[in-house]
2 protein chains.
Amino acid sequence: MEPPAPPRRVTIVDVARHAQVSTTAVSKVLRNAYGASPEMRAKVRRAIEELGYRPLAAARGLRGQTYTIGVMLPDIRNPFFPEILDGVTGCLEATDYQVLLGPGCNGEKEEARVTEAMIDRGMDGLILVAPVSPRPHLEHVAAVVPTVVVGRHGHSPAYDSVGDDDVTGAALVVGHLAGLGHRRIAHIEHHETDPTRSVEMPNAQRADGYRRAMRDLGLDQEIDVVSTTYTQQGGYEGARELLSRARRPTAVFAGADIVAMGVLEAVAEAGLSVPGDISVAGYDNTTFAALGPISLTSVDQAGSEIGRNAARLLLERIANRGKPSVQVSLSPTLVTRRTTAAPPT
Amino acid sequence: MEPPAPPRRVTIVDVARHAQVSTTAVSKVLRNAYGASPEMRAKVRRAIEELGYRPLAAARGLRGQTYTIGVMLPDIRNPFFPEILDGVTGCLEATDYQVLLGPGCNGEKEEARVTEAMIDRGMDGLILVAPVSPRPHLEHVAAVVPTVVVGRHGHSPAYDSVGDDDVTGAALVVGHLAGLGHRRIAHIEHHETDPTRSVEMPNAQRADGYRRAMRDLGLDQEIDVVSTTYTQQGGYEGARELLSRARRPTAVFAGADIVAMGVLEAVAEAGLSVPGDISVAGYDNTTFAALGPISLTSVDQAGSEIGRNAARLLLERIANRGKPSVQVSLSPTLVTRRTTAAPPT
DNA sequence: GTGAAAGCGCTAACAA
DNA sequence: TTGTTAGCGCTTTCAC
């Protein structure tokens, strides 16, 4: 029978005693703070090594920092988000900071619960990816803890923001399809219920970018938008509606890859072929899109670049909370694959 | 210029003063602990409400619990893991515990960093999903903090484990394919480098289950295993090898859905059709599998059930650290879709 | 450059 | 049932 009592943790006091110095000295070494001679540092480092000491983040947090960065992702299932996360962790792994994620949260309520939980755990900074909460809530969070908002248009003096230019992304798709000879290019958008939030959300920007690009190409008359949701089901239903049109579109620009999946399904079900009868393009360049059997043309947001920027800005803001807020907008690129081609003649 | 100084947090002392009681009383109410009259509870609750007080988890952790559960996922990209997570959060959302995730970690080193970070942050319990660390490390972790290991065979007195029966899962696939009339059923496995770990990993169990099922059906002579990795690339390469066989298999059982994606690609590239020329089945029933254009036959592990069990066991262990360890093994089910059919005649 | 001592917000003994 | 008090492990004045 082994003792179920967990072995007492090595504390800063143990290290101090072992190194024959004060706890203050140890603390200084831990934080690379000013006021410790090289010899002292060496002594302390050795003691830490020998004792296998690791500082307790919770205790540190009570006075200083917890060295923890919280990342909130709206939906772990969306394969786009891991890209962002890679960028964040990549930028942070050389530092003393550790990243922890909130569990996927859909609605506003869930989102608030997660952000509050992170604040309550003394996190040093937060990265909120595509949050749906109203702006005031975001600003409230940002007032309490350094915050970077990712993937949401509309800037705030309270937090930094990073995102890609969805209008440009939509234009890339429309331009590509038009270049192939398409004119009847339809779009499936995510229907935004909350009008105040609307303009800040990427989906609205994509639909907007689609309309503008169509107009710029003189295709005003061909603008055709179906409002559903950014889900596979939404794509399926949207495509069914589009396929039943008298003048069927020859190309569909789905606002997200997952939507394009539903479109592909509906098209196959209708006995039509892609891209022979109809071209399909998505947005996000998710893992789905790259899958061999799918091979979907899609817009790449450079997720890891977004994540890297978010992490960098957050570190800067932690270092200097007073600094003016920054907005970074990255340019998306188009990845053409096998679902787009010239329209049937 | 608004004051960049974050507003001082409301503490338990503020609540106590506002409610005209001691901090102890407030603490008791917070923890639903014994020794507070109903009137006192009401008073305190009201004060908490009025002041918008929320306890600081880090400070609580210094003496008691942090009310935080850490979940380690090996790879956020794998769409199977969110299912587990749903089960975990579903089981925990009614409690005071909050779930936080580690960022996806591939190797042993990353895994150790994440588990240590969670321990250092005073987490009350850990759920490790498909860890690759050697057993001794897992037992070391479990000695320090209540731990549940998910998706790894091989039991330990130090921690509870939850998983599905991969041998049965493999048998389901082989049985299904044999029932359709297939005899030349090949398998693509993940090559395990570490021999000691080997037997505990699901991939080894699946390969083992495949071999046993084939023998049980009298198909010893047809056993055909290709060793690559559980990646799309691995599936592609494995399939290329299988397709080049003199006696080409009529069905491929890929050890994971992502592997099946690579197989589908290779098959299409070879100008063969699925399931007309060759049947393909995967494992995990990921979101991929359900996608309309893919529609892959796959084994469903009931991920959310696994997660629910893990969370339940963890709560039990937190409540009673001394209790004997438990192993839960769930039965997988087969989801048949459009990639499997009778072999060509 | 160094260390003693106070205290972060909370919980757990213990006393009343 | 209630309140007083002493820490938890660490950082931070502020003396020396």
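Each value, and the rule that gives it
Residues numbered from 1 in each chain as written. Chains lettered and ligands numbered in written order. Predicted model: local features only at pLDDT ≥ 70, side-chain atom pairs only at ≥ 80, totals over all residues. Heavy atoms only, no water. Least-squares fit on C-alpha atoms with pLDDT ≥ 70 in both. Contact = heavy atoms within 4.5 Å. Axes fitted to C-alpha atoms, helices over the stretch in contact; angles between N-to-C directions. Helix = DSSP H or I, 4+ residues; strand = E, 2+ residues; numbered from the N terminus. Parallel < 35°, antiparallel > 145°, perpendicular 65-115°, else oblique. Left-handed = near helix turned anticlockwise from the far one by under 90°. Nonpolar A, V, L, I, M, F, W, Y, C, P; charged D, E, K, R; others polar. Expected span 1.5 Å × (residues − 1). Buried < 20%, exposed > 50% of the residue type's maximum accessible area, 1.4 Å probe, protein only. Arc of directions from axis to C-beta. Near = heavy atom within 4 Å. Polar contact = N/O pair within 3.5 Å; in protein donor to acceptor, adjacent residues only side chain to side chain. Domains from an automatic or database assignment. Buried area = accessible area lost by both parts, 1.4 Å probe. Salt bridge = Lys/Arg side-chain N within 4 Å of Asp/Glu carboxyl O. Pairing = 2+ DSSP bridges. Core = buried A, V, L, I, M, F, W, Y, C linked by side-chain atoms within 4.5 Å.

In the annotation of an unreviewed UniProt entry, the entry for chain A reads LacI family transcriptional regulator, and the organism field reads Streptomyces pseudovenezuelae.

Peer 1: Outline the relation of the copies chain A and chain B, listing residues and values.
Peer 2: For the pair chain A and chain B, the relating rotation is 180°, the translation along its axis is 0.0 Å, and the fit reaches an RMSD of 0.1 Å. In short, the pair behaves as if placed about a two-fold rotation axis. In this assembly, 100% of the residues forming the interface of chain A have copies in chain B that are likewise at the interface, indicating an isologous arrangement.

Peer 1: Describe the packing of helix α8 (residues 166-179) of chain B against helix α10 (residues 202-216) of chain B, listing the residues and the values that go with them.
Peer 2: Residue and element names in this part refer to chain B. At a minimum axis distance of 7 Å, the contact between α8 and α10 shows a crossing angle of 45°. Here α8 is positioned oblique relative to α10, judged by the angle of their axes. Relative to α10, α8 is oriented so that their crossing is right-handed. Along the contact surface, α8 presents D166, V167, A170, A171 and V174, while α10 presents P202, Q205, R206, G209, Y210, R212, A213 and M214. Residues that form the contact of α8 with α10 fall into these classes: eight nonpolar, two polar and three charged.

Peer 1: Got a sec to walk through helix α3 (residues 38-51) of chain B? Specific residues and values, please.
Peer 2: All names here are of chain B. Here α3 contains 14 residues, and its C-alpha end-to-end distance of 20 Å stays within 8% of the 20 Å for a straight helix at 1.5 Å per residue. Among all positions of α3, only M40, R41, V44, A47 and I48 are buried. The buried side chains of α3 occupy one side of the element, clustering within an arc of 130° when seen end-on. In α3, the exposed residues that point more than 90 degrees away from the buried face are P38, E39, R46 and E49.

Peer 1: Describe in detail the protein's contact with DNA strand C, supporting the description with residues and values.
Peer 2: Close contacts around DNA strand C come from 26 residues, with T24 and S37 of chain A together with I12, R31 and Y53 of chain B the closest. Each atom of DNA strand C within 4 Å of the protein belongs either to a base or to sugar and phosphate, the latter forming 60%. With respect to DNA strand C, the side chain of S27 of chain B contributes an N or O atom lying 2.8 Å from a phosphate oxygen. Take R63 of chain B: an N or O atom from its side chain is 3.3 Å from a sugar or linking oxygen of DNA strand C. For the surface near DNA strand C, the elements supplying multiple residues, two or more each, are α2 (23-30) and α4 (57-63) of chain A together with α2 (23-30) and α4 (57-63) of chain B. Here the surface near DNA strand C takes four residues from α4 of chain B, the largest share from any one element.

Peer 1: With reference to specific residues and values, describe the domain arrangement of chain A.
Peer 2: As far as domains go, chain A holds domain 1 (12-55), domain 2 (68-164 + 303-329) and domain 3 (166-301). The straight-line distance from the C-alpha centre of domain 1 of chain A to that of domain 3 of chain A is 59 Å.

Peer 1: Just give me the short version of the interface of chain A and chain B, but keep the residues and values in it.
Peer 2: Every contact between the two is made by 55 residues of chain A and, on the other side, 55 residues of chain B. Its largest share of buried area at the contact with chain B, chain A owes to R77, D120 and R121 of chain A, together 14% of the area lost on that side. Where chain A packs against chain B, one counts six salt bridges. For E116 of chain A, the salt bridge goes to R54 of chain B, with nearest N and O atoms at 3.4 Å. For the pair chain A and chain B, the number of links is 21 residue pairs in polar contact (both at pLDDT 80 or more). Sorting the residues of the side of chain A that touches chain B by element identifies α4, α5 (81-92), β2 (98-101), α6 (108-120), α7 (135-144), α12 (257-269) and α13 (287-290) of chain A as the ones contributing at least two each. Among the elements that make up the side of chain A that touches chain B, the one with the highest residue count is α6 of chain A (eight residues). Tallied by class, the residues present in the side of chain A that touches chain B amount to 33 nonpolar, nine polar and 13 charged.

Peer 1: Please provide a residue-by-residue account of the sheet that holds strand β9 (residues 279-281) of chain B, values included.
Peer 2: All names here are of chain B. Read across the sheet, four strands follow the order β7-β6-β8-β9 without closing on themselves; strand pairing throughout is parallel. Unpaired on one side and paired on the other, β7 (224-228) and β9 mark the two borders of the sheet. Each strand axis lies, on average, 20° off the axis of its neighbour in the sheet, ignoring direction. As paired strands, strand β6 (residues 185-190) and β7 are joined by five bridges and run parallel to one another. Looking across to β7, one finds that A186 is bridged to D224. Running over the sheet, α10 touches β6, β7 and β8 (251-254) and is turned about 160° from β6. Running at roughly 145° to β7, helix α11 (residues 232-243) makes contact with β6, β7 and β8 of the sheet.

Peer 1: Lay out the pattern of salt bridges in plain terms, naming residues and giving numbers.
Peer 2: Residues and elements named next belong to chain B. The full count for this structure, using the stated rule, is 42 salt bridges over all chains. Here D160 and K323 are joined by a salt bridge, their closest N and O atoms 3.5 Å apart. Of the two residues, D160 sits in strand β5 (residues 160-164) while K323 sits in the loop between α14 (303-319) and β11 (327-330), which places them 163 residues apart along the sequence. A salt bridge links R245 to E241; the shortest N-O distance between them is 3.7 Å. Residue E241 is classed as partly exposed on the basis of its relative accessible area of 39%.

Peer 1: Summarise the pairing of strand β5 (residues 160-164) of chain A; cite the residues concerned and give the values.
Peer 2: Residue and element names in this part refer to chain A. Within β5, five of the five residues are buried, leaving the element largely enclosed by the surrounding structure. Pairing of strand β4 (residues 147-150) with β5, which is carried by three bridges, proceeds in the parallel orientation. If you follow V149 over to β5, its bridge partner there is S161. Where β5 lies against strand β11 (residues 327-330), four bridges are found, and the strand directions are parallel. Residue G163 lies in a different strand from β11, and its bridge partner there is S329.

Peer 1: Tell me what's going on with the nonpolar core, and back it up with residues and numbers.
Peer 2: Among the nonpolar cores identified, the biggest contains 53 residues, and V71, I127 and V150 of chain A together with V71, I127, V129 and V150 of chain B are the most heavily contacted of them. Sequence-distant contacts of V150 of chain A, that is, excluding residues within four places in its chain, are made with I84, I127, L128, V129, A130, P131, V162, I306 and A310 of chain A. A239 and A254 of chain A together with V252 and V259 of chain B belong to the second-largest nonpolar core, a separate cluster that totals 50 residues.

Peer 1: Would you mind going over the protein's contact with DNA strand D in detail, with residue names and values included?
Peer 2: The full set close to DNA strand D counts 24 residues, and I12, R31, Y53 and R60 of chain A together with T24 of chain B are the nearest of them. Here DNA strand D approaches the protein such that, of its atoms within 4 Å, sugar and phosphate make up 61%. Contact distances for DNA strand D include 3.1 Å between a phosphate oxygen and a backbone N or O atom of L56 of chain A. Those elements giving two or more residues to the surface near DNA strand D turn out to be α2 and α4 of chain A together with α2 and α4 of chain B. Here the residues of the surface near DNA strand D sort into 12 nonpolar, seven polar and five charged.

Peer 1: Requested: an account of the packing of α2 of chain A against helix α3 (residues 38-51) of chain A, with residues and values cited.
Peer 2: When two helices pack together, you describe them by how their axes are tilted relative to each other and by the distance separating the axes. Residues and elements named next belong to chain A. Axis separation between α2 and α3 bottoms out at 10 Å; the angle between their running directions is 90°. One element, α2, and the other, α3, form an angle in the roughly perpendicular class. Across from A25, V26, K28, V29 and L30 in α2, the residues of α3 making contact are M40, R41, V44, R45 and I48. Taken together, the residues of the contact of α2 with α3 sort by class into seven nonpolar, no polar and three charged.

Peer 1: So, the sheet that holds strand β8 (residues 251-254) of chain A: which residues are in play, and what are the values?
Peer 2: Residues and elements named next belong to chain A. One open sheet holds the four strands; their spatial order is β7-β6-β8-β9, and the pairing between them is parallel. Each edge of the open sheet is held by one strand with a lone partner, namely β7 (224-228) and β9 (279-281). Direction aside, the axes of adjacent strands within the sheet are offset by 20° on average. Bridge count between β8 and β9: three bridges; the pairing is parallel. By the bridge assignment, V252 is partnered in β9 with V280. The sheet contacts of helix α10 (residues 202-216) involve β6 (185-190), β7 and β8, and relative to β6 the element is tilted by about 160°. Of the strands in this sheet, β6, β8 and β9 touch α12, which is tilted by about 160° from β9.

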